Every structure is written in structure tokens, then in C-alpha cells.
Amino acid sequence: WVLCGLFNNEVTGYGPVFEEQPVDTIYPEESPEAKITMNCRARANPPATYKWKLDGMEIDLDAGGSHYSLVGGNLVISKPDKTEHVGQYSCLATNTYGTVVSREASVQFGYLDLFSSEERSSVYVKEGQGAVLLCAPPPHYPAELSFRWILNEFPTFIIPDKRRFVSQITGNLYISKVDSSDRGNYSCIASSPSISKSVFSNYIPLEPQTERPIRKYPADLRVKFPDTTALVGQNITLECFALGNPVPEIRWKKIDGHLPSNHEVRMTGTQLHLYNVQFEDGGTYKCEAINSKGKDYHTARVSVEAFPEWAEHIRSTEKDIRSDYTMSCKASGKPNPHIRWLKNGEPVDRKEMRFSSLTFDDSGMYQCIAENRHGVIYANAELRVFDCAPTFEHNPVKRVLAAKNGRVVIECRPRAAPKPAFSWSKDTELLSNSTRVFIWEDGSLEILNVTRADEGRYTCFAENDRGKANSTGDLLVMDSTKITLAPSNTDVKVGENTSMQCAASHDQSLDITFIWSLDGRVIDLHIDRQHYERTTNGSSNGELLIKNVQLKHAGQYTCTAQTPVDNITASAHLVVRGPPGAPGGVRIIEKTDKSVTLQWSRGADNHSPISKYTIQYKDQFSNDVWKNATTFPVNVEGNAEMTTVVDLIPWTDYEFRVIATNTLGTGDPSNPSPIVKTLEAAPVVAPSDVGGGGGASRELTITWTPVKPEYYYGPNFGYIVAFKPQDEQEWKRVAVADPQARRYVHKASDIPPLTEFQVKVKAFNVQGEGPYSLTAIIYSAQDAPSEAPAVVEARALSAKAATVSWMPLSYNNLDGYQVKYWESGQSEGQAETIAVSSRENHTKLENLRPYTEYIIEVRGYNSAGYGPPSHHFRVLTKKPPPDRAPKIIAKKVKGQSINIAWEQVEPMANESSIEGYRVLYRQEGQTTGTLYNTYKRNIDLPLLPNGNYVVEVRAHTEGGDGATTTVPSFLSWLLCLILLWTMNSLIT
């Protein structure tokens, strides 16, 4: 027990208070550090001793062969073993005042196995279709992994974009629309941040298959976020991704309201991230994938729950013996937390710790524990029960100041247990309760209507069964504080300046302070210095200056004049006139295809009558920009609470808001109305730029510019294409259901070539058909050439080039010729092609392989297609020239020329014979010069007057020119030779 000691006094000591507790630990199975340390440290006097429990059972630290040891309060596990050391650990700290138990902390073994070594099958997908590459992560703990993919080699990572997405839930790679650039080998990388380890899967080959034309596919959601439970304060991410061609656009909505302000759409729309989730963020969320071929959507719920949090918890305290006391704990959370109690580390079967007539045995360390499925929180406190005779050692009766005509309380707070009886005296007079003097139950003395006669020395007497004591203090009576200049009611406009007067008289021996409040909230003159300022006009003047008054500054202002003894207040109202407040409750009460009737409730007029309302709208096509709406009547008067918005577009999503105006300005807009879709109507806009023509044989191609989506006016939108020959009366009609279609190709065997047709196009939807476009004149496709070019000939020019020629076709509508060629040992599918103008009948083939036979065919073509191919013609390219350059063997000056000689180049059996040599004589730094041909193995070149010159020598064959030998710049030594020759001549 305690004998009149103060709590937390180092002399009397105190029970354990945790400063460090164990935390959940994941030990990597491959960790090089073969130990786990669980921390535990408590402040206590006398110092605490420590024990540890595993899954509720005390650990025997002294057992032979134990892996456990204690370092201070920390538990060290040496050579951790998964079969022995996994579980829930708790630390117990004990001293003479009691025991406390730490929060539980788990030990788990983290691992990330290798991917399966089985070879991954190739994935074959047509271009334009979507693909899913499965990651199939290996066994692991903990569950959280992050995923990336590489293409062909590390570190070429796949960067997610609108077309490609990596799910951080499954690890799968999704490609909405495959194209030829996606060909390659893919590997999934799974990383565990808890154990800092990553593993790679075997490569998955992706083989896009060519398809012409590439087909389009409707949006198909493949990644769909599940029903999700989030905790208050957490960040969560919802994922959605769709396959489709064109690449679908992802949109996010909250079914039962607007998306929270704390949301962010990331990863090109595929992720909805919610920051710092709150209860109001719960609800049903929807992701919608849309492309021109269709749409898909998915909904799921987000439920918000909460970790336990203390609303009220226990604190260390001291209580008198035989007194009553209740320890109370209250916790919030979702689900509601369950409360349980521990005393000195042992469970106590009570919902509330209620004591009547405390005894010394009730002293100890108490713990209140609140838990739900999301977690556990602890509150620790020490209860001490004590008894002692009264003592004023630590809290004597103090000197007190009182205001004249006011009220004063002189406290008497001795330390005593059990509770003592109290009595008071003034000077030598014993006091008793009267109409003006009261002795409270806790010993305090209250005096009402204080006068100067109440000044004097007051003594408090305290007595219990353990003894008695007294303490004396003085009471001084001061002049009371009075308001001499009170603030008055004021009326101002927004933006003006004004002031509130306040002055007071007070006892001159005391300091006075003025405090201003607005509607009960104290004004912080530092934080609000932009609008509030105290004037400095004497210590007894508290005038408040209000600058650039705003609507928020209206209300009741209270001036409090305060001294250390008393305070007095005076109040006045400030009326601020300004633009109207925002209207409320905007809702739709009626709608048609082109109009909507709105209703709203009036906002505050801010003391100036509302003169008019402005209606604004935002539709699904306006890029989040608000525009002024047209109304009927045109002017919406200030007393109106309803109007009709006209000139709207049918079958369009709209939001509306209302803005009020008065003589002082325009107010803030209302909150937007719920989204409303106008009714459907038949289209009124026709496609534009109708035309066409050309195409394949026996085809009529009709083209147009599609109608913009805002003019669809209803679902099931499409086009009706009408056409007829110029000389006929009856129109043929065809429906095209794709709203993004730009062309229609009519195929029929009886369509004559190059025939004039009239064409027109109009839109339709579920409500009917719109007007036709202007009629356009187009021509049906011409026939493809029906004859093949004759007398195809080819001749090899060198080892890498050949010429091809043919007899021209007499066909009038010929666009050109296609020359196709391939090696005779290859398939025709590996052929190269060259397009040649119809005005030419020959071409040159280049970059061929030396000494190789090629097959060549020629066919004519026009916009209707290709004609039949010619007979195949074969040509053999020349043998290649020698790959060895001539070797320079001599360089001699002869008069005004220089002679250069080289060795004969001998060709190999598979190389062309030497027909001569080519010598290029050029200035250094230039690519052109003088080219000489010679059959000899030397050449005389003229000496030129200035500059450095280079000579290049190469062998020439029917297969082309061979490798080059370069004679470097020779002018410097040549000049030296000429100089020597000149000097010798002079000497001679």
C-alpha cells in the first residue's frame, strides 16, 4: 500500500510502463542472419523482470538446448526453426507493483519459391484480338507480391499503358489489342517486398498472327475488382482492364453518389485509387469499358470498417482506502470491439472494473484490451490504494485575489485517506454555512458578493481517523472590472472595413486583457491577421478593426475584458451584406428530348434581395466545362424556384447547377443536380462528305464522315446507305449498324465497271430515321487487268544487280506493274516486290545475292486489283568480285607525274575473272574525283598544283568492283622530292 506518497514519485516507485513492445516479424527462410530479436523494454522502479509467452504458454528460457535467450527484456531466437518458432509472442514485465503484458506479435517465416521449371507454351493470337499471359506465381508468404514483366531480355520492362496492363492482384499481363510489335518472349517477375526477393518465370512466347483486314472487337472486361473491405485511413486500389479493338476507354463511377474527393484515376484509367478512406466512401463502384464496337461494365461493393480506437481509456491513479472507484474503457471500431481486462497479467472476468470500498488488495497493474477482427489495442494503468493523515505539505492554502461584489472560492486540498472532515476560520472567527458563505464537500470555501470586509487570513482544518492538519492563506479584495464602452450593432457590405468598440475600467494594480470571439469562437488575431487587427489606443481600450469584411465574418461579436481576478463581456451583431449564397436541392422534375424542368430551393440572400438566377449545364461531351443554359422564360427572376432549360440535345447526360445574383454580385453555384439523360429522338444530322468509288472489281465503295456521338439522339444508332445507277429510278437501301462506320462496300457480280452511281446516306436510331445527305456521284470499280505481260526478259548486270523488261500492256486503266522476284531455292512467300509506273516497261533489281538464280514474274495492277502473272523467267547473278584489294608495290615521281604500281589480283574459283582495274584520283575530303580504267598493273597520274590527294585502286570484274586499296595523302613527301630534285639541278 501507499502512505501519502505522490504518484510517480521516484522515492515511492511505480509499476512497469512499456517503452518498446514486440512487433510482427517475417523471417526470410534464406536469411544469412540466423536469429530473430523480439524487442521489449519497460520503464519501472524498481526495475522490471521479464518473461515471454508463445501462443499463451510461458517459454522456459533455461531449458537445455533452448533456442531462446534473454538480452535485457529482448527475446533472441537463435537458429530459428519453422516447426518450432512460428506463433504469437507476448512479453510480461513485472516488479513489486504488478505485471503488464505487451501486445501480441507474430513470428512467421517468409519465402518465395522459384517458378515452375516447365516450359511455357506459346500463345498464338490474331492481330487485333486481346491476349492474357498468365503469371501463375509460385508458393509464397506473405501474400503481398508486386509484379512486372520483361520482354525478351532484362531489363526491358513492359511499361503499362492504355493497351497493356499488369494486374498487381494476379500478376497476369493483359494486352487489349495485339499487334505485330508485341511479338517476343515474355517473363513474369514476382517480387516479395517483405523478404526482398524476386523470381523470374520461364519465357512465354507470344506469336501475333497476321489477319487482313484486322477485325474490331467490342470491349470485354477481363480484370474486375472484387467486393473490397477497406479500413478507415487506408489507401486502396480498384483495378479494371478490358480487351477490345479499338482499345477500350475505362470510366469509373460511384453508383450511389459522386466519386470521393480523395480519389485518383491512375495507370491510364485502369486503376481507381482511394486515399485515406472514410466511412462515407463506402458504396457500390462501377467501372465501364467502352469502344466503338460495344461496352462492358462491372460493379462491386467497397465496405469501410475500422481498427479499434479508444473513445475513453484508463489512466494511472491513486484512490483513498474504502472509497468507491470505477475504471471505464470505451472503444469505437467496425465491427464493434470486444473489451476484456487483465490485472497483473491475468484475465479478469468483468466488463467494467467497478470497486466499492477499495482495499489495499485492489492495488496493481490493470490493462484494458479492445479488439475486433482488424486488430487489438491496449490501455495500461496502475491503481494505488492508500491511507494517511491529512497533510498540506504539497498543496497548502494559497493567497487568493477576489473582485469586489464578485464570487471567490478558496481551495482546501490536503492529501488524506480516508477522506477528512473540513472546517474553516477567518482570522480568529470560526466560519459556518450562511446565505453568503459555503463550505463545499471537497473542503473548498465559497464567498458570494465579496466586500472589503471579507479581506483577511483564512485557515482550513482537515481531520480523519489517522490525524489532523491545517493551512492558512490570505484573501485580498480588488475593484471589479466594468465595461465602459460596449460594441454596437453594425451593418456593412462585403469588402468594406469596420470596427467594434470595447473599453473597460479595472483595478489599476491588475493587468487587463481583451478577448474577442465570433459566435462563441475565440478570434486568433495572429492566424486571422488578414481580416482582424487590435487598435493600440491605451491599455483599457480593446477596439477590434475588421478589414475587407467577408460573409463569413457576420455574426455575434463578444468582447471579454479579463483580469486575473474577474472578467466581463459585452456583445453586438455584425450584419454583412453581399452576393447571395448558393441555392440548394437542385432536382429534375420533368424532362423531354430537348428540355428539362429544374426546381431548387432559395439560398441565403445575404441581406440583399436576389434579382435573377443563371442556369448552367455540363454534358458528357463538354470536357467538364460548365456553360450557360438557354431557359424558358429567358430571364429567371429572383423570386423563381423553377424554370425549364431548352435547346438540349436528345439522349445526352446532363448536370445542372443554379447561380443567384443580387445588386452586390453573383454568388457561388449550387451543388450539381443528379445526372439526367434527355429522352430519345430521331436523328436530325446527316453524315457529311459522302463520296467513294474505286475498290476491287465488281464493287461499289461508298464513304462518308460519321456523325459525332452527341448527335446520335438515341440507342441502336447506325446508317442507311442508298444508291442507284444514274439512269435508274429505284434506290437500293442497306443498313450499317456500326455508328463509327465510314464506308460501305457493295459487292455484286452484275455491277458494270466504271459506271456512274448516285449515292446518299442518312442516320437512324431506335426512334426513327434522319434526313439524307446531299446526293453524290461516284463510279463503280474498274476491272482488274485481265492479261499478263508478255516476253519478260532479265539480264544480270553484276553479282548484286539485274535488269528486267517486258512488253507493255495495252490496258487503258493500268496504274502500274508489280515485279516479284525470289531465290529459286526459296518459297514464293519470301519474295520481294517492286512497283513500277505504267509508263515504264523495265526496272533494275538491286541488293541481290551473288551467283544466285532468281525467279522473276511481272503482272499489271490498278485500283481493282492485280492481273494474272507473266511466265516465270530465271536469271543467274554474276560471281562476286575478289574480296582482296590490290597491293601497292611502288610509287615513283616522273617529271610532272607520279607512277603507282600494284600486284596482280588473282581471283578464286568462285569469283569473277579480272577484266581490268579502276583508279580513282580525288582530293582528300572529297568523295568524287577522276576515274581511270586500265588493263595494266600501273598508272601515271598528273601532279596537281595544290592540296593533298588520295588514290584508290580496285579490281574490276563482270560481277562488279572488288575491294579497294587506298594510297594515303602523298603531297608532303612529293613536294620534298620535287624540292630535292630542284636543288640538285641548281647545284649542277
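Residues numbered from 1 in each chain as written. Predicted model: local features only at pLDDT ≥ 70, side-chain atom pairs only at ≥ 80, totals over all residues. Heavy atoms only, no water.

As annotated in an unreviewed UniProt entry, the protein carries the name Contactin 1 and is attributed to Neolamprologus brichardi. As its UniProt record puts it under Subcellular location (unreviewed entry), the protein is described as follows: "Cell membrane". Among the UniProt annotations of the protein, the heading Sequence similarities (unreviewed entry) holds the following wording: "Belongs to the immunoglobulin superfamily. Contactin family." (UniProt positions renumbered as here; feature names shortened; annotations may be inferred.)

**Considering the overall build of the protein**
Scanning the protein from terminus to terminus reveals 2 helices and 89 strands. On the principal axes, the C-alpha backbone points of the protein span a range of 145 × 90 × 80 Å. Counting over 988 residues, the protein shows a buried share of 43%. Pairs at least 24 residues apart make up 64% of the contacts formed inside the protein by residues separated by at least 6 positions. (Helix = DSSP H or I, 4+ residues; strand = E, 2+ residues; numbered from the N terminus. Buried < 20%, exposed > 50% of the residue type's maximum accessible area, 1.4 Å probe, protein only. Contact = heavy atoms within 4.5 Å.)

**What to know about the state of the cysteines**
Structurally, a disulfide amounts to a covalent bond that connects the sulfur atoms of two cysteines. For the coordinates displayed, the defined rule picks out 6 disulfides. Between the sulfur of Cys40 and that of Cys91 lies a disulfide, 2.0 Å long from S to S. Disulfide Cys40-Cys91: torsion about the S-S bond near -75°, hence left-handed. Of the two residues, Cys40 sits in the loop between β3 (35-38) and β4 (41-45) while Cys91 sits in strand β9 (residues 87-95), which places them 51 residues apart along the sequence. For Cys40, a relative accessible area of 2% corresponds to the buried category. (Disulfide = S-S within 2.5 Å.)

**A few points about the UniProt feature "domain: Fibronectin type-III" (unreviewed entry) in the protein**
In this structure's numbering, the residues bearing the UniProt feature "domain: Fibronectin type-III" (unreviewed entry) are residues 582-681, 686-783, 788-880 and 882-975. End-to-end, the C-alpha atoms of residues 582-681 are 34 Å apart, and along that stretch the chain is 0% helix and 50% strand.

**Structural notes on the environment of Gln21**
Residue position: Gln21 is located in the loop between β1 (14-20) and β2 (25-28). Taking the C-alpha atoms as reference points, Gln21 and Ala42, 21 residues apart in sequence, are found 8.5 Å from one another. Each residue touching Gln21, except ones within four places of it in the same chain, is listed here: Asn39, Ser102 and Arg103.

**Thoughts on the sheet that holds strand β67 (residues 688-692)**
Across the sheet, 3 strands lie side by side as β67-β68-β71; this open sheet has antiparallel pairing. This sheet does not close on itself; its edge strands, each paired only once, are β67 and β71 (743-747). Sheet twist, expressed as the average angle between the axes of neighbouring strands with direction ignored, equals 15°. Both strand β68 (residues 699-705) and β71 contribute to a ladder of 5 bridges, which runs antiparallel. From the neighbouring strand, Thr703 faces β71, where its bridge partner is Arg743. (Pairing = 2+ DSSP bridges. Axes fitted to C-alpha atoms, helices over the stretch in contact; angles between N-to-C directions.)

**A closer look at the UniProt feature "domain: Ig-like" (unreviewed entry) in the protein**
The residues that UniProt annotates with the feature "domain: Ig-like" (unreviewed entry) are residues 16-108, 113-200, 218-303, 308-384, 390-476 and 481-569. With 0% helix and 39% strand, residues 113-200 has its two end C-alpha atoms placed 10 Å apart. Structurally, residues 308-384 comprises 0% helix and 62% strand, and the distance from its first C-alpha atom to its last is 28 Å.

**So, the nonpolar core**
Counting residues in hydrophobic clusters, the biggest one holds 23 residues, and the most contacted among them are Met38, Trp52 and Tyr89. Among the secondary structure elements, those contributing two or more residues to this core are β3, β4, β5 (49-54), β8 (74-78), β9 and β11 (105-112). Within the second largest apolar cluster, 22 residues are counted, among which are Leu112, Leu173, Ile175 and Ala190. (Core = buried A, V, L, I, M, F, W, Y, C linked by side-chain atoms within 4.5 Å.)

**Things to note about the sheet that holds strand β32 (residues 338-343)**
One open sheet accounts for 5 strands, arranged β29-β36-β35-β32-β33; its pairing is mixed. The sheet is open, and its two edges are formed by β29 (317-320) and β33 (346-348), each paired on a single side. Strand-to-strand twist in this sheet, taken as the mean axis angle between neighbours without regard to direction, amounts to 35°.

**Focus on the side chain of Ser780**
For Ser780, the position within the fold is in the loop between β74 (776-779) and β75 (790-796). Reaching out from Ser780, the side chain makes a polar contact with the backbone nitrogen of Leu754 at a distance of 3.2 Å. A polar contact of 2.9 Å, which involves the side chain of Ser780, links it to the backbone nitrogen of Thr755. (Polar contact = N/O pair within 3.5 Å; in protein donor to acceptor, adjacent residues only side chain to side chain.)

**Structural notes on unusual backbone geometry**
In this structure, Pro418 follows Ala417 across a cis peptide bond, with omega equal to -5°. Take Pro418: it is sitting in the loop between β40 (415-417) and β41 (421-426). In this structure, the amide linkage connecting Phe632 to the following residue, Pro633, adopts the cis form with an omega of 0°. With respect to the helices and strands, the residue Pro633 is situated in the loop between β61 (630-632) and β62 (636-637). Backbone geometry at Asp624 places phi at a positive 65°, although glycine is not the residue there. Inspection of the secondary structure puts Asp624 in the loop between β59 (610-619) and β60 (627-628).

**Considering the packing of aromatic side chains**
Overall, the coordinates contain 23 aromatic pairs when judged by the stated rule. When the centroid spacing of 5.6 Å and the interplanar angle of 40° are considered together, the rings of Phe225 and Trp252 count as tilted. Taken together, the residues span a long stretch of sequence, with Phe225 in the loop between β21 (217-224) and β22 (228-231) and Trp252 in strand β24 (residues 249-254) at a distance of 27 residues. Like Trp252, Phe225 is buried. Connected via pairs of aromatic rings, a cluster forms that spans Trp704, Tyr712, Phe717 and Tyr719. One Lys or Arg, Lys286, reaches over the ring of Tyr297 and ends 4.7 Å from the middle of that ring. It is Lys879 that lies over the ring of Tyr851; its NZ or CZ is 5.5 Å from the centre. (Phe/Tyr/Trp six-rings, centres within 6.5 Å; stacked < 30°, edge-to-face > 60°. Lys NZ or Arg CZ within 6 Å of the ring centre and 35° of its normal.)

**What about the side chain of Asn862?**
With respect to the secondary-structure elements, Asn862 resides in strand β80 (residues 853-862). We classify Asn862 as buried; its relative accessible area is 5%. Here the side chain of Asn862 touches Asn813 through a polar contact of 3.0 Å, landing on its backbone oxygen. A distance of 2.9 Å separates the side chain of Asn862 from the backbone nitrogen of Ala864, its partner in a polar contact. Among all residues touching Asn862, those that are not within four sequence positions of it are Gln782, Asp783, Ala784, Pro785, Tyr811, Asn813, Leu814 and Asp815.

**Some words on the pattern of salt bridges**
Counted according to the given criterion, the structure contains 52 salt bridges. Residue Glu411 is joined to Arg413 by a salt bridge in which the shortest nitrogen-to-oxygen separation is 3.8 Å. Taking relative accessible area as the criterion, Glu411 reaches 46% and is therefore assigned partly exposed. Asp940 serves as the salt-bridge partner of Lys894, at 3.5 Å between the closest nitrogen and oxygen. Here Lys894, found in strand β83 (residues 888-894), pairs with Asp940, found in strand β87 (residues 938-942); they are 46 residues apart in sequence, far enough to count as distant. Relative accessible area serves as the criterion here: at 40%, Asp940 is assigned to the partly exposed category. Through salt bridges with shared partners, one network takes in Glu19, Glu20, Arg41 and Arg43. (Salt bridge = Lys/Arg side-chain N within 4 Å of Asp/Glu carboxyl O.)

**A closer look at a positive patch on the surface**
Taken together, Arg215, Lys216, Lys293 and Arg742 make up a surface patch of like positive charges. Mapping Arg215 onto the fold places it in the loop between β20 (204-209) and β21. Take Arg215: its relative accessible area is 48%, and that puts it in the partly exposed class. (Patch = residues over 30% accessible without salt bridge, like charges linked within 9 Å, V, L, I, M, F, W, Y side chains within 5 Å. Areas by Shrake-Rupley, 256 points an atom, 1.4 Å probe, with all protein chains shown as cover. Lys, Arg positive; Asp, Glu negative; His and termini not counted. Charge placed at Lys NZ, Arg CZ, Asp CG, Glu CD.)

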